[in-house]
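# Close look at the chain arrangement
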Amino acid sequence: MNDVDVREAITRVHHEEWARVVAALTRRFGDLGIAEEAAAEAFATAVERWPVDGVPPNPGGWLTTTASRKAIDRIRRENKRDDKHKEAQMVYDNVPPEPIGAIDDDRLRLIFICCHPALAMQTRVALTLRMVGGLTVPEIARAYLVAETAMERRITRAKAKIKAARIPYRMPSAEDLPARVSGVLAVLFLVFNEGYLATGPGTDPLRHDLTTEAIRLTRLIRTLMPGDGEVAGLLALMLLIEARRPARVSAGGELVPLTEQDRGAWDATLIAEGHRLVRERLAAGVAPGRYQILAAINAVHTSARDIRDTDWSQVLALYDQLVRLDPSPIIALNRAIAVAEIDGPDVALATVDRLAEALTGYHAYHATRAELLRRLHRGPEARAAYDKAIELAGNTAETAYLTRRRDQLR
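Residues numbered from 1 in each chain as written. Predicted model: local features only at pLDDT ≥ 70, side-chain atom pairs only at ≥ 80, totals over all residues. Heavy atoms only, no water.

## A look at the overall build of the protein chain
What the protein chain contains, in helices and strands, is 20 helices and zero strands. With 410 residues in all, the protein chain has 50% of them scored as buried. Taking the contacts inside the protein chain whose residues are at least 6 apart along the sequence as the reference set, 65% of them involve residues at least 24 apart. In the structure as shown, the protein chain presents an accessible area of about 19800 Å², 52% of it carried by carbon and sulfur atoms. (Helix = DSSP H or I, 4+ residues; strand = E, 2+ residues; numbered from the N terminus. Buried < 20%, exposed > 50% of the residue type's maximum accessible area, 1.4 Å probe, protein only. Contact = heavy atoms within 4.5 Å. Areas by Shrake-Rupley, 256 points an atom, 1.4 Å probe, with all protein chains shown as cover.)

Shown next as structure tokens:
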């Protein structure tokens, strides 16, 4: 295995193992800061050792063992006055495991811990994306449309608050779940989105490891909370989006938009399960939440055999319902795409232009605007919008698609 292969292996293992290592160390040592720093040191050691020694047969186990040793060394240095009994107990890990409680999954437990009510909602989400999703600070900042320095400060303050307030790393009881589930679902959706369309320029355009893990964890929450409509809605939403993954990137590495995808390549099993969940929620007769409406929108898209068969009136009606629950500029931007299909690109462009101040740093805003200008035959303005979208987009497949679309303009 050459150095390039080793680097790729380390990157892949980092994506797959980061959260597991952090979760295991947090459970053992009860300190999120130590867990994160020890995990980072273990991965840094892997970068040094694996090109020389080769990738170990069990990379995850190697990283967990190495990180545990790093954590022990750190604790020893910082607590030189501790008695030898505690030190030996820590080295041999003889402390009996904490009761499992309502959640029997290390990573999911860590998500619920990071989503403690003592933290502000946005802080909970950002912290969990870093600790559990393994996303970098720049990736999280792009998801929130904020500066990297601001996001770094937010995460640092969250960890400091956890430590100062002595927030316990115990398993949440079944009674704790409803109060924390909204933050957990927000985290899982953002982790899924990062896998669905990775924002980092140095990563794969689609990160199947993230989408698969987000779906797995959402299934676990569905088992724990079978009557929660938003849990079911998020699972349905993820399944219907994941079903389209085989058709989303061309053989040449270019993003394929929904309008051009080979619908025969979609995963029919995932679509059927997603549709069943959507129908179950409709039959429940309870007012739907945000994720349930998003799932219903995707159910409409995946029900159409061809883009020309899409029921855009139903899509727009669902977006109108969603806007009343979530009047965010991104929802308004997505709604404008449906408006363009019903009322024309000129009406949609007027809506999009009103979002300029809120979404000026969001690449999808400029990409949407470019497509509307293109349909209105306003070539120079469309080219400028494509240029801005390309500048802001981090995904290589999306950049390739936008570049081709721009270069096709006369």
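## Some thoughts on the packing of aromatic side chains
Overall, the coordinates contain three aromatic pairs when judged by the stated rule. Plain terms: the ring middles of Trp 50 and Trp 62 are 5.4 Å apart, the flat faces sit at 65 degrees to each other, and that makes the pair edge-to-face. Taken as a pair, Trp 50 in helix α2 (residues 32-53) and Trp 62 in helix α3 (residues 59-78) lie far apart in primary sequence, twelve residues in all. Classification of Trp 50 by relative accessible area gives buried; the value is 2%. Measuring from ring centre to ring centre gives 5.5 Å for Phe 189 and Tyr 291, while their planes differ by 85 degrees; the resulting arrangement is edge-to-face. Of this pair, Phe 189 sits in helix α9 (residues 177-196) while Tyr 291 is found in helix α13 (residues 290-303), placing the two residues 102 residues apart along the sequence. We note Arg 248 situated over the ring of Tyr 196; from NZ or CZ to the ring centre the distance is 3.6 Å. (Phe/Tyr/Trp six-rings, centres within 6.5 Å; stacked < 30°, edge-to-face > 60°. Lys NZ or Arg CZ within 6 Å of the ring centre and 35° of its normal.)

## Comments concerning the nonpolar core
Counting 120 residues, the largest nonpolar core has Leu 127 and Ile 221 as its most contacted members. Considering every element that reaches this core, the biggest residue donor is α9, with ten residues. If sequence neighbours within four positions are ignored, Leu 127 has contacts with Leu 32, Cys 114, Leu 119, Ile 155, Ala 158, Lys 159 and Ile 162. (Core = buried A, V, L, I, M, F, W, Y, C linked by side-chain atoms within 4.5 Å.)

## Quick notes on helix α12 (residues 268-284)
Between its terminal C-alpha atoms α12 stretches 24 Å, which fits the 24 Å expected from 17 residues at 1.5 Å a residue. Looking only at α12, the buried set comprises Leu 270, Ile 271, Glu 273, Gly 274, His 275, Leu 277, Val 278 and Arg 281. Close packing links the buried residues of α12 with α10 (208-224), α11 (229-242) and α13. Of the residues flanking the start of α12, the one acting as N-cap is Asp 267, its side-chain oxygen 3.0 Å from the backbone nitrogen of Thr 269. (Expected span 1.5 Å × (residues − 1). Polar contact = N/O pair within 3.5 Å; in protein donor to acceptor, adjacent residues only side chain to side chain.)

## Notes on the environment of Gly 264
Along the chain, the position of Gly 264 falls in the loop between α11 and α12. As for Gly 264 and Arg 305, which are separated by 41 residues in sequence, their C-alpha atoms are 8.7 Å apart.

## Details of the pattern of salt bridges
In the structure shown here, the tally under the stated rule is 21 salt bridges. Among the ionic pairs, Arg 222 bridges to Glu 280, the shortest N-O distance being 3.3 Å. Here Glu 280 lies in helix α12 and Arg 222 lies in helix α10, a separation of 58 residues in the sequence. Looking at Arg 222, the relative accessible area reads 18%, which means it is buried. Note that Arg 245 is salt-bridged to Glu 242, the shortest N-O span being 2.9 Å. One continuous salt-bridge network, built from bridges that share partners, spans Glu 36, Arg 130 and Lys 159. (Salt bridge = Lys/Arg side-chain N within 4 Å of Asp/Glu carboxyl O.)

## Examining the packing of helix α6 (residues 121-131) against helix α8 (residues 148-164)
Running from N to C, α6 and α8 cross one another at 95 degrees; their axes reach a closest spacing of 9 Å. Viewed along their axes, α6 and α8 adopt a mutual orientation that is roughly perpendicular. Packed against α6, whose contacting residues are Gln 122, Thr 123, Ala 126, Leu 127 and Arg 130, the element α8 presents Met 151, Arg 154, Ile 155, Ala 158, Lys 159 and Ile 162 at the interface. (Axes fitted to C-alpha atoms, helices over the stretch in contact; angles between N-to-C directions. Parallel < 35°, antiparallel > 145°, perpendicular 65-115°, else oblique.)

## As for the confidence of the model for the protein chain
Within the protein chain, residue pLDDT values average 85, and 87% of them lie at 70 or more. Low confidence marks residues 83-100, where pLDDT is under 50. Its contacts with residues over four positions away, or in another chain, come to 20 contacts. (pLDDT = per-residue confidence, 0-100.)

## Observations concerning the environment of Val 315
Within the secondary structure, Val 315 is located in helix α14 (residues 312-325). What makes Val 315 buried here is its relative accessible area of 1%. Measuring from C-alpha to C-alpha, the distance between Val 315 and Ala 338 comes to 6.7 Å, with 23 residues separating the pair along the chain. When sequence neighbours within four positions are dropped, the list of residues in contact with Val 315 reads Ile 297, Val 300, His 301, Thr 310 and Ala 338.

## Points about the side chain of His 363
Of note, His 363 is situated in helix α18 (residues 363-375). By relative accessible area, His 363 is classed as buried at 15%. Polar side-chain contacts of His 363 include one of 2.9 Å to the side chain of Glu 398.

## Re the environment of Leu 322
Here Leu 322 lies in helix α14. It is 9.2 Å that separates the C-alpha atoms of Leu 322 and Tyr 291, two residues lying 31 residues apart in sequence. Ignoring any residue separated from it by four or fewer positions in sequence, one finds Leu 322 in contact with Arg 290, Ile 293, Leu 294, Ile 297 and Ile 331.

## A short note on α9
Taking 1.5 Å as the rise per residue, α9 with 20 residues should run 28 Å; its terminal C-alpha atoms sit 27 Å apart, in good agreement. Where α9 bends most, at Gly 183, the angle is about 25 degrees. (Bend = angle between axes of the 7 residues up to and from the residue.)

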